[in-house]
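# Structural description and commentary
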Amino acid sequence: MSKYWSELAKKIEPYVPGEQPKDRKYIKLNTNENPYPPSPRVIDAINRLANESLRLYPDPNCDDLRDTIALYHRLHRSQVFVGNGSDEVLAFAFMAFFDPDKTILFPDITYSFYPVYAELFNLKHRTVPLSDDFDIIAGDYAGENGGIIIANPNAPTAKQIDKEAIIKIIESNLNSVVIIDEAYVDFGGESVIQLINDYPNLLVVQTLSKSRSLAGMRLGFALGHQDLIQALDRIKNSFNSYTLDRLAIGAAVEAFKDEEYFRETCLKVVNTRERISGVLKEMGFKLTDSKANFIFASHPKIKARDLFSGLREKGILVRYFNKPRIDNYLRITIGTDEEMDCMVEALKLLLESNLGDSAK
Ligand code: PMP
């Protein structure tokens, strides 16, 4: 803390991302990255662009990329916004659609950036409890509010809320914007993108960080009625004209064009998730029904915190949240089959030694 800090810098409690360790080589299952590299076409595009035109500013409107995403989702360019990671897109959306005098709603257990943005932009917010089974209850989002944000599938619970329930939430909030954050939807969830043609208050946000293996490039996008997209453009153009660089724009275009590679890698992640979920259940773990590229697991006999530190000592990083209701769960990103097998072996050893200790 310094006397030079603004009141905002003093009061804000920043979001803490998962570790990116440099001290040793870990099996990294802690930040929901894709274990497979991006499409070779993406790498070719980056190499080509790096040799071509970095001297010049990129297109501030990213028209090529907006057109590519619009074509992919059968929409119009005016319904597409792109940004530097979906975190940035979400931040712009909070600024574009939510006002300080009205209370915004989101689940009590969800992506922990939402409360940080609410604080940063001075927005009142109320958290709506998930059910005991970590389900989002649509009826709890009716009534006066200044906006709603829901991650679907939710993080870190990995659970999905179905389309009918989302429609119920949108229809009972026609005077405020409902943001559906679909960061993980490509791993088996059901997207509500096509609903943007019916509901002018729906904004769907997605990312290329997970299903398109581009977390390191920082690419996200939002889809909605053109009036919502215009508001996002107004905020972006008052903040930074060039949020996406030339390499990122070119990489994203190719990532969308290589549909086959995208489907193949998503399927591999889903197959690994299903296999490992079965193995963990046999070991006594309780798991939510994951539609994401991670699982949310708890063991009835051993504390998640102990498993987290035990795995870390064995060179395997997973995510542990020391928060009410979820402090006995681990969020484990789906890695390659080999990585997941190592993780399972390490867990088996930890269970053996812990259960052995408690039996003494
Ligand atoms: N939404 C959710 C629910 C997430 O878990 C994440 C990843 N931390 C993001 C958005 C942001 O992803 P990115 O900024 O990499 O697009």
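Anyway, here's the lowdown on the structure attached to this text. All values derive from a computational prediction rather than experimental measurement.

Turning our attention to the overall build of the chain. Helices and strands together make up the secondary structure of the chain, namely eleven helices and 13 strands. Each principal axis of the C-alpha atoms in the chain carries an extent, and together these give about 65 × 50 × 50 Å. Evaluated residue by residue, the chain yields a buried proportion of 54% over its 360 residues. Within the chain, contacts between residues at least 6 apart in sequence are counted, and of these 72% link residues at least 24 apart.

Attention shifts here to the site of the ligand. Taken together, Gly-85, Ser-86, Asp-87, Tyr-111, Asp-181, Ala-183, Tyr-184, Thr-207, Ser-209, Lys-210 and Arg-218 form the complete shell of residues around the ligand. In the model, an oxygen atom of the ligand is placed 3.0 Å from a nitrogen or oxygen of the Asp-87 main chain. Contact distances for the ligand include 2.6 Å between an oxygen atom and a side-chain N or O atom of Ser-209. Expressed as a share of its isolated accessible area of 400 Å², the protein-covered part of the ligand is 92%. Across the shell around the ligand, the residue classes tally to three nonpolar, four polar and four charged.

Take the sheet that holds strand S13 (residues 330–333) next. Pairing within the open sheet is antiparallel, and its four strands lie in the order S9-S10-S13-S12. Each of the sheet's edge strands pairs with one partner strand only, and the pair in question is strand S9 (286–287) and strand S12 (319–320). Helix H9 (residues 259–282) contacts S9 and strand S10 (294–298) of the sheet and is inclined by roughly 5° relative to S10.

Here Ile-235 is to be found in helix H7 (residues 226–236). The sequence separation of Ile-235 and Tyr-57 amounts to 178 residues, and the corresponding C-alpha distance is 20 Å. Excluding residues that lie within four positions of it along the chain, Ile-235 makes contacts with Phe-92, Met-95 and Ala-96.

Definitions and limits used
- Residues numbered from 1 in each chain as written.
- Predicted model: local features only at pLDDT ≥ 70, side-chain atom pairs only at ≥ 80, totals over all residues.
- Heavy atoms only, no water.
- Helix = DSSP H or I, 4+ residues; strand = E, 2+ residues; numbered from the N terminus.
- Buried < 20%, exposed > 50% of the residue type's maximum accessible area, 1.4 Å probe, protein only.
- Contact = heavy atoms within 4.5 Å.
- Near = heavy atom within 4 Å.
- Polar contact = N/O pair within 3.5 Å; in protein donor to acceptor, adjacent residues only side chain to side chain.
- Areas by Shrake-Rupley, 256 points an atom, 1.4 Å probe, with all protein chains shown as cover.
- Nonpolar A, V, L, I, M, F, W, Y, C, P; charged D, E, K, R; others polar.
- Pairing = 2+ DSSP bridges.
- Axes fitted to C-alpha atoms, helices over the stretch in contact; angles between N-to-C directions.

In short, shape yes, function no, at least from these values alone.
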